[in-house]
Amino acid sequence: VGQNGDLFKTSSSGDVYIIENNGRYLVEPWVAKLRDINLKKADKISKKDLESYVSRGAYPVPDNTLIEVDDKFYVFIANEKRLISEANIKSAGLDIDDAIEVKSSEASDYKTGAAYTPVIVAPTPTPTTPPVTPPAGNTQNGAVLKGATQQAVYLVSGDKLKLFTY
């Protein structure tokens, strides 16, 4: 019985499989290179023995791996390849020069998910408060006031209080 990480192939096929959690994953050559797996270390076993392991499909690809297939780019997220535009490659923090060229026959082993759309995080809005009339008394423009019960600090400007942010 193979252990996690063991590599096997049959004499009738050049396909290499890795064993993990009593299942077998097909290891494509480009994925092996990406994950630093030496396919030459695969032991030959009978087809019957290989099939005694549950087939789990193709070996997972790390998130944010960029591949190029037939002049189109895909990024992997949750082991799905997602079409990505050249403009979005940069915005995703990826480098187009790092794209791995993959044959369409090898890429077809992976599910195609929805096209990549960038996640845009909106800046946190700064709360604004309407100007408040300063307390009556001897308060001059440019004075800084702090409420007795609040942490807010106000600047007196044009006879109005403006919330002071720092």
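Quick caveat: nothing in here was measured; it's all calculated off a predicted structure.

A.B. asks: Give a description of the sheet that holds strand β5 (residues 54-58) that names residues and reports values.
C.D. replies: What the 5 strands build is an open sheet, ordered β4-β1-β2-β3-β5; its pairing is mixed. Whereas interior strands pair on both sides, the edge strands pair on one side only; in this sheet they are β4 (43-44) and β5. Bridging between strand β3 (residues 23-26) and β5 involves 3 bridges; their strand directions are parallel. By the bridge assignment for β5, G23 is matched with V54.

A.B. asks: Residue-level account of the nonpolar core, with values.
C.D. replies: Grouped together as the largest cluster of nonpolar side chains are 20 residues, with contacts concentrated most on I18, W30, I37, Y59, I67 and Y110. Once residues within four sequence positions are removed from consideration, Y110 is found in contact with W30, V31, A58, Y59, V61, F76, N79 and K81. In terms of nonpolar packing, the next biggest core, distinct from the first, is built from 8 residues, L66, F73, A99 and Y116 among them.

A.B. asks: A description of the packing of aromatic side chains should follow, citing residues and the corresponding values.
C.D. replies: Counted according to the given criterion, the structure contains 5 aromatic pairs. Ring geometry for W30 and F76: centres 6.0 Å apart, planes at 40°, overall tilted. In this pair, W30 sits in helix α1 (residues 29-34) while F76 sits in strand β7 (residues 72-77), placing the two residues 46 residues apart along the sequence. Judged by relative accessible area, W30 falls into the buried class, the value being 7%. In this structure F76 comes out as buried when scored by relative accessible area, which is 0%.

Definitions and limits used
Residues numbered from 1 in each chain as written. Predicted model: local features only at pLDDT ≥ 70, side-chain atom pairs only at ≥ 80, totals over all residues. Heavy atoms only, no water. Pairing = 2+ DSSP bridges. Helix = DSSP H or I, 4+ residues; strand = E, 2+ residues; numbered from the N terminus. Core = buried A, V, L, I, M, F, W, Y, C linked by side-chain atoms within 4.5 Å. Buried < 20%, exposed > 50% of the residue type's maximum accessible area, 1.4 Å probe, protein only. Contact = heavy atoms within 4.5 Å. Phe/Tyr/Trp six-rings, centres within 6.5 Å; stacked < 30°, edge-to-face > 60°.

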